[in-house]
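Listed below are the residues making up each chain.
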Amino acid sequence: MSKLHIKKGDTVYVNTGVDKGKTGRVLEVLVKEQRAIVEGVNMVSKSTKPNAKSPQGGIIKKEATIHISNLNPVEGGKPVRVGRKLNAEGKLVRISKKSGGEI
């Protein structure tokens, strides 16, 4: 399995789809499915039965997963492409293709 270009906590830009142009913070990355859950992006309505957490039940809005190929990390307010490079300690780090700086 190859390494992914986004991590939990990154701010990302959505390249395509219904939410194209939106930015949000990555809440969770599902590595095997190559998908991520982004805050406020790809919202779906889910019907819930009454339970202890929500005694009323009803319809709730929640984030669905989005494929990571549709996401780019944001640096300086703009989306950037990601490369990999060894740093001074010999550790592989993500770098911005635009500025060359570490993400």
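Residues numbered from 1 in each chain as written. Predicted model: local features only at pLDDT ≥ 70, side-chain atom pairs only at ≥ 80, totals over all residues. Heavy atoms only, no water.

K.L.:
Please explain the overall build of the protein chain as it appears in this structure.
P.N.:
What the protein chain contains, in helices and strands, is zero helices and 10 strands. In the protein chain, the order of α-helices and β-strands from amino to carboxyl end is β-β-β-β-β-β-β-β-β-β. Dimensions of the protein chain, computed from C-alpha atoms along their principal axes, come out at roughly 55 × 25 × 20 Å. Looking at the protein chain residue by residue over its 103 residues, the buried ones come to 22%. The long-range fraction of contacts in the protein chain, counting pairs at least 24 apart against all pairs at least 6 apart in sequence, stands at 39%. (Helix = DSSP H or I, 4+ residues; strand = E, 2+ residues; numbered from the N terminus. Buried < 20%, exposed > 50% of the residue type's maximum accessible area, 1.4 Å probe, protein only. Contact = heavy atoms within 4.5 Å.)

K.L.:
Help me out: how do you make sense of the nonpolar core in this one?
P.N.:
Counting residues in hydrophobic clusters, the biggest one holds 11 residues: Leu-4, Ile-6, Val-12, Val-14, Val-26, Ala-36, Val-38, Val-41, Ile-66, Ile-68 and Leu-71. Once residues within four sequence positions are removed from consideration, Val-41 is found in contact with Val-14, Asp-19, Lys-22, Glu-63, Ala-64 and Ile-66. (Core = buried A, V, L, I, M, F, W, Y, C linked by side-chain atoms within 4.5 Å.)

K.L.:
How should the side chain of Asp-19 be read in this particular structure?
P.N.:
One can find Asp-19 in the loop between strand S1 (11–14) and strand S2 (23–30). Only 2.5 Å separates the side chain of Asp-19 from the backbone nitrogen of Asn-42, close enough to count as a polar contact. (Polar contact = N/O pair within 3.5 Å; in protein donor to acceptor, adjacent residues only side chain to side chain.)

K.L.:
What am I meant to see in the environment of Ser-45 here?
P.N.:
Note on placement: Ser-45 falls in strand S4 (residues 43–48). The spatial distance from the C-alpha of Ser-45 to the C-alpha of Thr-11 is 24 Å, given a sequence separation of 34 residues. Residues contacting Ser-45, with those up to four places away along its chain left out, are Ile-59, Ile-60 and Lys-61. Side chain to side chain, Ser-45 and Lys-61 meet in a polar contact 3.3 Å long.

K.L.:
Looking at this structure, how should I read the pattern of salt bridges?
P.N.:
Two side chains carrying opposite charge are able to pair once their charged atoms lie near each other. Evaluated as defined, the whole model comprises three salt bridges. The salt bridge involving Asp-10 is made with Arg-94; its shortest N-O contact spans 2.8 Å. Separated by 84 residues along the polypeptide, Asp-10 in the segment before S1 and Arg-94 in strand S10 (residues 92–96) bring together distant segments of the chain. The partner of Asp-19 in a salt bridge is Lys-22, with the nearest N and O atoms 3.1 Å apart. The class for Asp-19 is buried, based on a relative accessible area of 14%. Residue classification places Lys-22 among the partly exposed residues on the basis of a relative accessible area of 39%. (Salt bridge = Lys/Arg side-chain N within 4 Å of Asp/Glu carboxyl O.)

Purely geometric numbers; function is a separate question.
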